[in-house]
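# Observations on the model geometry
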Amino acid sequence: MAQVLLRGGTVIDGSGAPPSVADVLLDGDLIAAVGESVIPDAADAAVFDATGLTVMPGLIDTHTHVTLGEPASNDELFFHRQPALAALLAGFNLGKVLRAGVTSIMDVDGLFNIGPALREAVAAGIVEGPHMKSGLYALMTAVGGTAGRMIPDEGTAGYAEVTRNRDEMVAATRRQIKEGADLIKIHVTGSVPTRRGELQVWTPDELRTVVDTAHDLQTPVVAHCRNATSTRDAARAGVDIIYHASYMDEEALEAVVESGAILGPVFTFLANLADFGPKAGATPSAQDVFRDEIENTGAMVRRAYDAGVTLICGSESGFIITPCGHWHAREMQIFVDVLGLTPLEAITCGTLNGAVAMGEKDLTGTIEAGKRADVLVIDGDPARDITVLGDKSRLRRLFWQGRDVDLDRPWPRRSPLPGERVMPWAETPLTWDLAYR
Ligand SMILES: [Zn+2]
């Protein structure tokens, strides 16, 4: 593959170092050189004048669900998806993620066994998309996860695999790894319709069972924890990445700091609902609750950051509130607005730290010679205004593993699929009074 010289751009290298003007030489899959007055050795090298533009690493979104098909309800997600069509749609949606400047994702759980297949299809050049680390089904106890009673008492449904006892936990973990999972996801909390908030539905012993089984097979474990005790117990059990960590308390914070777990608060979904829910016709009831969760959790996440905990950015993309290709940069903005990080610190969370979480810090995440050429050229200064990273019209060039991704094509559009959406028969009961009074 030919060489490409990005000349004279302002480089934000992802490490947290201050921006500096430099040339970046891409050679095939890799970044070959970064520095002043770099001269390509290939006579046919393409030169792109990046003067006044920002050159930075591709974004890394560490919490996506690209196989879910952007459902509007759990009902759709659990009962209105077919394996083959879901896989094709996932490929379509994955292309949009890449075109938003995201060069790597961790797709934490999803439908059927699509995730690992998608990862292989991307690696083989069959599907256009970011590099992937993929989970399979999220492990749950029979109490369930965030879909209440839609979670069955055993077996799989939607993105869930119910494990009823420790033997089943061990078996499911081993089988998922055999089937290609890069990580094991546990839903440590779940919702029961008659209870407020989410309950911790795993015991510390059960958590340790999965963590030990996965770690024996060199596989990390990630956990959905939407209260303080689950965050504490997941950290103590040795979970590698804790997502949400909602309402973390002192004890949970201490456990996270001590364990060395990586933290991904995944505020974007909540923030989208709180800030823009009405624009999308979302149910308004939860808005204040979510705003409170962000403020409350954010204060503790900031303390974790100050204590040295690695923070990563995840968007929860794959739902109707977080469609693919639109919100991958927003977590960085929230880290600036709510946690008080500098834009450069937030960018490190959304690039280098993501690579750390994926176990790929030697491969990607920074602009450095020898790393994969996952590179963005942005019209704007994200070190001053982080919001430019969410504006796709600012993206001038996008290199994925050295390949120049065509940004001039129209944004992918599609029609609804048959049976994809739940269609209510009516919005309100047609009573006699409604008809005649
Ligand atoms: Zn999620």
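Since this is a predicted model, take the numbers as computed values, not measurements.

Let us now look at helix α7 (residues 250–259). Ala-252, Leu-253, Ala-255 and Val-256 are the residues of α7 that are buried. The buried residues of α7 occupy an angular sector of 165° when projected down its axis, which confines them to one face. Away from its buried face by more than 90 degrees, α7 exposes Glu-250 and Glu-258. In this fold, the buried residues of α7 make contact with α6 (228–237), β16 (241–244), β17 (262–264) and α9 (287–306). Within two residues after α7, Gly-260 carries a phi angle of roughly 80°, on the positive side.

Further remarks concern helix α4 (residues 166–178). Three or four residues apart is the spacing at which side chains of an α-helix point the same way, because the helix has 3.6 residues per turn. With 13 residues, α4 should reach 18 Å at 1.5 Å per residue; the first-to-last C-alpha distance of 18 Å fits that figure. For α4, every residue scored as buried is listed here: Met-169, Ala-172, Thr-173 and Gln-176. Looking straight down α4, one finds that the buried residues subtend no more than 100° of arc, so they occupy a single side. Structural note: α4 exposes Asp-167 and Lys-178 on the side pointing more than 90 degrees away from its buried face. Residues of α4 that are buried in the fold lie against β9 (138–140), β11 (160–162), β12 (184–187) and α5 (204–216). Following α4 by one or two positions, Gly-180 adopts a phi angle in the positive range, close to 110°.

This part takes up the packing of helix α2 (residues 83–99) against helix α3 (residues 114–123). At a minimum axis distance of 10 Å, the contact between α2 and α3 shows a crossing angle of 50°. By the angle between their directions, the pair α2 and α3 is classed as oblique. For α2 against α3, the interelement crossing comes out right-handed. Counted together, Ala-86, Ala-87, Ala-90, Gly-91 and Leu-94 of α2 and Ile-114, Ala-117, Leu-118 and Ala-121 of α3 form the full contact between these two elements.

For the rest of this paragraph, the subject is the domain arrangement of the protein chain. Here the domain parsing of the protein chain yields domain 1 (3–57 + 371–404) and domain 2 (59–328). Computed from C-alpha coordinates alone, the two centres of domain 1 and domain 2 are separated by 31 Å. Contacts between domain 1 and domain 2 engage six residues on the former and five residues on the latter. Looking at side-chain class alone, the side of domain 1 that touches domain 2 contains four nonpolar, no polar and two charged residues.

A separate point is the sheet that holds strand β8 (residues 131–134). The three strands are arranged β6-β7-β8 in an open sheet whose pairing can be described as parallel. At either margin of the open sheet sits one strand with a lone partner, and together these are β6 (59–64) and β8. Mean inter-strand twist for the sheet, computed between neighbouring axes without regard to direction, equals 15°. As paired elements, β6 and strand β7 (residues 102–107) share four bridges and run parallel to each other.

Rules used throughout
Residues numbered from 1 in each chain as written. Predicted model: local features only at pLDDT ≥ 70, side-chain atom pairs only at ≥ 80, totals over all residues. Buried ≥ 20, exposed ≤ 12 C-beta atoms within 10 Å, placed from the backbone. Helix = DSSP H or I, 4+ residues; strand = E, 2+ residues; numbered from the N terminus. Arc of directions from axis to C-beta. Contact = placed C-beta atoms within 7 Å. Expected span 1.5 Å × (residues − 1). Axes fitted to C-alpha atoms, helices over the stretch in contact; angles between N-to-C directions. Parallel < 35°, antiparallel > 145°, perpendicular 65-115°, else oblique. Left-handed = near helix turned anticlockwise from the far one by under 90°. Domains from an automatic or database assignment. Nonpolar A, V, L, I, M, F, W, Y, C, P; charged D, E, K, R; others polar. Pairing = 2+ DSSP bridges.

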